[in-house]
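Chain by chain, the residues:
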Amino acid sequence: MNASFPGYRGTDDYVVSDDLRNVVDVAVALSRPLLVKGEPGTGKTLLAVSIARALGLRLIIWNIKSTTKAQEGLYVYDTVQRLYDSQFGDRDVSDIKQYIKLGKLGEAFISDAPVVLLIDEIDKADIEFPNDLLWELDAMSFYIPETRETIEAKHRPIVIITSNAEKELPDAFLRRCVFHYIEFPGPEMMATIVRVHFPDLEENLLQEALKAFYWLRELPGLQKKPSTSELLDWVQALVIGGLRPERITAEMPFLGVLLKKNQDFPVVERYRNTAGRVSQLRR
Amino acid sequence: MFTDFFYLLRAEGVPVSITEWMTLMEALSQGLDRSSLTNFYYLARSLLVKSEAYYDKYDVAFTWYFGRIETPDEITEQAMRWVENALPPLNLTPEERERLAQRLEKLDLDELRRRFEERLKEQNEEHHGGSHWIGTGGTSPFGHSGYHPSGLRLGGESHSRSAVKVAAERRYQGYRDDLTLGVRQFEVALKRLRRLSTRYDAPRDVLDLEETIKETCDNAGRLKLVFIRPRKNTLKLFLLMDVGGSMTPYSRLCSQLFTAVHRTTHFKDIRFYYFHNCVYDHLYLDPTCHPRQSEATTHVLQNLDTEYRLIIVGDASMAPSELTAPGGIIWWGMVNEEPGLVWLQRLRQRFPYSVWLNPIPAEQWDNMYGHQTLNAIRQVFPMYELTLEGITRSTGSLLNKR
């Protein structure tokens, strides 16, 4: 696979760092799940979207919630429908197959073309959840006892798994994954990212916004640090607000876009008052 | 190959398993490192290290192991000029590769390095397509766009930073889990207390609707009820915090833990009490430790059942008399009839699930002010550092009786 695999280079709407790009290639070549961790807003979920776009593959998203069970990803046996049909329906209830509904993982397995499967926020689910999927992700197949069928992957899907580190993942599961931690982007990388979303942005405005943004992130005692998506929203607000760039660091307008916790506003106020203008505080 | 590196990683404390190591070998045999140390750095990290908490340890091991083989800058600059005007890359079929691999001798790193330095001394111009000199498109071990089973890639595909430099920067120091941490991480650490705390002796008294339906259908429509245990967390926490005096430098850390415990909603009950230096007849309800806001320790002990998990946070360092002598209490005008140590033992007896978290790093425990009292208290309570790793390990003692 690695000889023919074109290699992932990011997409026009998603900026990817060298190391992450390498890791994606490795995961694809070894056909192992890629586990991505990182601060909220570092684009973990978007990575899968971008990979699918770059390689021209279909993306199947399996959103994990606290109640999600591993079984649901494989298949669901709709016994209630069958019971209903047996009493009132006109379908042949002895054909169990029609009551087996494949989950997202099953869907990815039976797809005729290779797909990208995103298992989003795996840490939301029960602590045993990843363990329950070990075999299925390893062998890329599972057995349906009701119909005595084995669903096997026609093409091994590219599996991207994201985690917010709400819970520790079991070791046995981790051993089978390729792991990458997405670091929070530095100012240069961030400038590139913002430019991707706002190609016509004034350079001046961008620099001032970044300056204020990183100053804010470095404040000790913030409950929730603003992340990339908040910065993008803020830049949008600044553009619409039509503020002059030099006023950004001095006044920090639309702070509510960046800060989401009530307790954080006084913190910022305090540092602004004691230190004067933001621009003077920069190293 | 690099087996020493494997053991070095383990010695550094990175939990690498054989499975993962074999995966790396598989990746290397597929050529996924593309014969570059930088790629190897990321490749090995993505396969061997499964938590950002270990990135720093990995960096340390990597620098130590591969730091030696980095080519010095001044030599490569000259050699880089020789490989600038490259021949087109050598495209070989796998069979050709195989044949070449057999013909060309494999070199170990020391040999490679020796020969490289030799060439650098002898060579004074560009050479391409050959098998001896530093150049491109050939089968010499040195250069790029060519092929050699154990060669050294020079130039070619550009990488702004070398792997060893990336590793040496140690950018992931902040993620080490044996360092102190923030509220959010504390919360995650405390969540571990839930994992093992499903009450095994609880009655099965909750109807599992889904299973009931399934079983009923399997039972040809005749009702079959399925009951399960409630998934509620029954864990109760009793937090005792040392305040003031020698704890002042750690107040930020302690308040982070406090916030985290407060925010963690999954405990059935949380009790906070404060003390100064050591526990005596009274426990205080607020950090000021005013006698008016206090409760008798015996009263607290009676009211909290043994199922409460006791976490004591303190530096455990004080004057020996405060711990061992009657009347050793530090407050002027107050007298304790029993020494502090007796009170601590009493606490331990009442709460078999208990730990002491110490903000002082463990490596200083044996040679700091107050190490006598610290070690005496360690005899009573299992003591852990107030770090992510410490809290994680302490959950073991909080969930299993020792």
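Residues numbered from 1 in each chain as written. Chains lettered and ligands numbered in written order. Predicted model: local features only at pLDDT ≥ 70, side-chain atom pairs only at ≥ 80, totals over all residues. Heavy atoms only, no water.

### Focus on the overall build of chain B
Within chain B, the secondary structure is distributed over 16 helices and twelve strands. Relative to all contacts within chain B whose residues are 6 or more apart in sequence, the contacts with residues 24 or more apart total 68%. Looking at chain B as shown, the accessible area adds up to about 20,600 Å², and 50% of this sits on carbon and sulfur atoms. (Helix = DSSP H or I, 4+ residues; strand = E, 2+ residues; numbered from the N terminus. Contact = heavy atoms within 4.5 Å. Areas by Shrake-Rupley, 256 points an atom, 1.4 Å probe, with all protein chains shown as cover.)

### A word on the overall build of chain A
Scanning chain A from terminus to terminus reveals 15 helices and nine strands. Contacts spanning at least 24 positions in sequence make up 73% of the contacts within chain A whose residues lie at least 6 apart. As displayed, chain A offers around 13,500 Å² of accessible surface, 49% of which is attributable to carbon and sulfur atoms.

### So, the interface of chain B and chain A
Between chain B and chain A, the residue contacts involve 35 residues of the former and 30 residues of the latter. Between chain B and chain A, a total of about 3,100 Å² is buried, with carbon and sulfur atoms accounting for 51% of that surface. Run the count over chain B and chain A and you get three salt bridges. Close ionic contact of A:Lys37 with B:Glu52 constitutes a salt bridge, the shortest N to O distance being 3.1 Å. Inspection of the region where chain B meets chain A yields seven residue pairs in polar contact (both at pLDDT 80 or more). Partitioned by chemical class, the residues of the side of chain B that touches chain A number twelve nonpolar, eight polar and 15 charged. (Buried area = accessible area lost by both parts, 1.4 Å probe. Salt bridge = Lys/Arg side-chain N within 4 Å of Asp/Glu carboxyl O. Polar contact = N/O pair within 3.5 Å; in protein donor to acceptor, adjacent residues only side chain to side chain. Nonpolar A, V, L, I, M, F, W, Y, C, P; charged D, E, K, R; others polar.)

### Thoughts on the sheet that holds strand E9 (residues 178-182) of chain A
All names here are of chain A. Reading across the sheet, the five strands line up as E2-E5-E8-E1-E9 and stay open at both edges, with parallel pairing between neighbours. The open sheet terminates on both sides in strands that have one partner only, identified here as strand E2 (58-63) and E9. If you compare each strand with its neighbour and ignore which way they point, the axes differ by 20 degrees on average. Along the sheet, helix H1 (residues 18-30) contacts strand E1 (34-38), strand E8 (158-163) and E9; its crossing angle with E9, the most-contacted strand, is approximately 160 degrees. (Pairing = 2+ DSSP bridges. Axes fitted to C-alpha atoms, helices over the stretch in contact; angles between N-to-C directions.)

### A few points about the nonpolar core
Within the largest apolar cluster, 86 residues are counted, with the highest numbers of intra-cluster contacts made by A:Leu34, A:Leu47, A:Ile160, B:Phe5 and B:Leu24. Looking at which element gives the most residues to this core, the answer is H1(A), with eight residues. (Core = buried A, V, L, I, M, F, W, Y, C linked by side-chain atoms within 4.5 Å. Buried < 20%, exposed > 50% of the residue type's maximum accessible area, 1.4 Å probe, protein only.)

### Quick word on the pattern of salt bridges
All names here are of chain B. All chains considered together, the criterion is met by 21 salt bridges over all chains. A salt bridge links Lys50 to Glu20; the nearest nitrogen and oxygen atoms lie 3.1 Å apart. Here Glu20 lies in helix H2 (residues 18-29) and Lys50 lies in the loop between helix H3 (37-48) and helix H4 (55-66), a separation of 30 residues in the sequence. Note on accessibility: Lys50 and Glu20 belong to one class, buried. In this structure, Glu215 and Lys224 form a salt bridge, with 3.4 Å as the shortest nitrogen-oxygen distance. For Lys224, a relative accessible area of 39% puts it in the partly exposed group.

### Considerations on the environment of B:Ile312
All names here are of chain B. Looking at where Ile312 falls in the secondary structure, it is placed in strand E10 (residues 309-313). Among the residues examined, Ile312 registers a relative accessible area of 0% and is labelled buried. Along the chain, Ile312 and Leu239 lie 73 residues apart, while their C-alpha atoms are 6.0 Å from each other.

### Description of the side chain of B:Ser17
With respect to the helices and strands, the residue B:Ser17 is situated in the loop between helix H1 (3-12) and H2. Non-local contacts of B:Ser17, meaning those with residues more than four positions away in its chain, are made with A:Arg175, B:Phe6 and B:Arg10.

### Some words on the packing of H3(B) against H4(B)
Angle between the axes and distance between the axes are the two parameters that describe a pair of packed helices. All names here are of chain B. The geometry of H3 relative to H4 is characterised by a closest axis approach of 11 Å and an angle of 140 degrees between their N-to-C directions. When the interaxial angle is binned, H3 and H4 end up oblique. In the crossing of H3 with H4, the sense of the turn from one axis to the other is right-handed. Across the interface between the two elements, Leu37, Phe40, Tyr41, Ala44 and Arg45 of H3 pack against Tyr55, Tyr58, Asp59, Phe62 and Phe66 of H4. When its residues are assigned to classes, the contact of H3 with H4 shows eight nonpolar, no polar and two charged. (Parallel < 35°, antiparallel > 145°, perpendicular 65-115°, else oblique. Left-handed = near helix turned anticlockwise from the far one by under 90°.)

### Brief notes about the pairing of E1(A)
Residues and elements named next belong to chain A. With five of five residues buried, E1 lies mostly within the body of the structure. Residues Leu34, Val36 and Gly38 of E1 are buried on one face, and the alternating residues Leu35 and Lys37, pointing to the opposite face, are buried as well. Taken together, the four bridges between E1 and E8 define a ladder with parallel strand orientation. When the sheet's bridge partners are listed, Val36 is paired in E8 with Thr162. Pairing between E1 and E9: five bridges, direction parallel. Residue pairing in the sheet places Gly38 in a bridge with Ile182 of E9.

### What about helix H10 (residues 209-218) of chain B?
All names here are of chain B. Turning to H10, its buried residues are Thr212, Thr216 and Cys217. Burial along H10 is one-sided: seen end-on, the buried residues are contained in an arc of 125 degrees. Its side-chain oxygen 3.3 Å from the backbone nitrogen of Glu210, Asp208 forms the N-cap of H10. One or two residues past the end of H10 sits Ala220, with phi positive at roughly 60 degrees. (Arc of directions from axis to C-beta.)

### Some words on the environment of B:Asp366
Residue and element names in this part refer to chain B. On the secondary structure map, Asp366 appears in the loop between strand E11 (354-358) and helix H15 (371-380). With a relative accessible area of 52%, Asp366 lands in the exposed category. Excluding anything up to four places from it in sequence, Asp366 contacts His371, Asn375 and Arg378.

### Some details on H15(B)
All names here are of chain B. All buried positions along H15 are accounted for by Thr373, Leu374, Ile377 and Val380. Summarising the axial view, the buried residues of H15 lie within an arc of 110 degrees, below the 170-degree limit, and thus occupy one face. Looking at the buried residues of H15, the elements they touch are helix H13 (320-324), helix H14 (340-350), E11 and strand E12 (383-385).

### Observations regarding the packing of aromatic side chains
All names here are of chain B. Evaluated as defined, the whole model comprises 26 aromatic pairs over all chains. Ring pairs connect the aromatic residues Phe5, Phe40, Tyr41, Tyr42, Tyr58, Phe62, Tyr65 and Phe66, which therefore count as one cluster. Sitting over the ring of Tyr55, Arg45 keeps its end group 4.0 Å from the ring centre. The positively charged end of Arg346 is found above the aromatic ring belonging to Trp343, 4.5 Å away from the centroid. (Phe/Tyr/Trp six-rings, centres within 6.5 Å; stacked < 30°, edge-to-face > 60°. Lys NZ or Arg CZ within 6 Å of the ring centre and 35° of its normal.)

### Points about the confidence of the model for chain B
Residue and element names in this part refer to chain B. Looking at chain B as a whole, its pLDDT mean stands at 74, while 64% of the residues score no less than 70. Low pLDDT, under 50, characterises residues 71-75; the stretch is placed with six contacts to residues that sit more than four places away or in other chains. This stretch, residues 155-161, has a pLDDT under 50; its non-local contacts, to residues over four places away or in other chains, come to 13 contacts. (pLDDT = per-residue confidence, 0-100.)

### Observations regarding a nonpolar patch on the surface
Side chains of A:Val80, B:Leu207, B:Leu209, B:Ile213, B:Leu223, B:Leu225 and B:Phe227 sit close together on the surface and give an oily, nonpolar patch of about 650 Å² of accessible area. In this structure B:Ile213 comes out as partly exposed when scored by relative accessible area, which is 33%. (Patch = residues over 30% accessible without salt bridge, like charges linked within 9 Å, V, L, I, M, F, W, Y side chains within 5 Å.)

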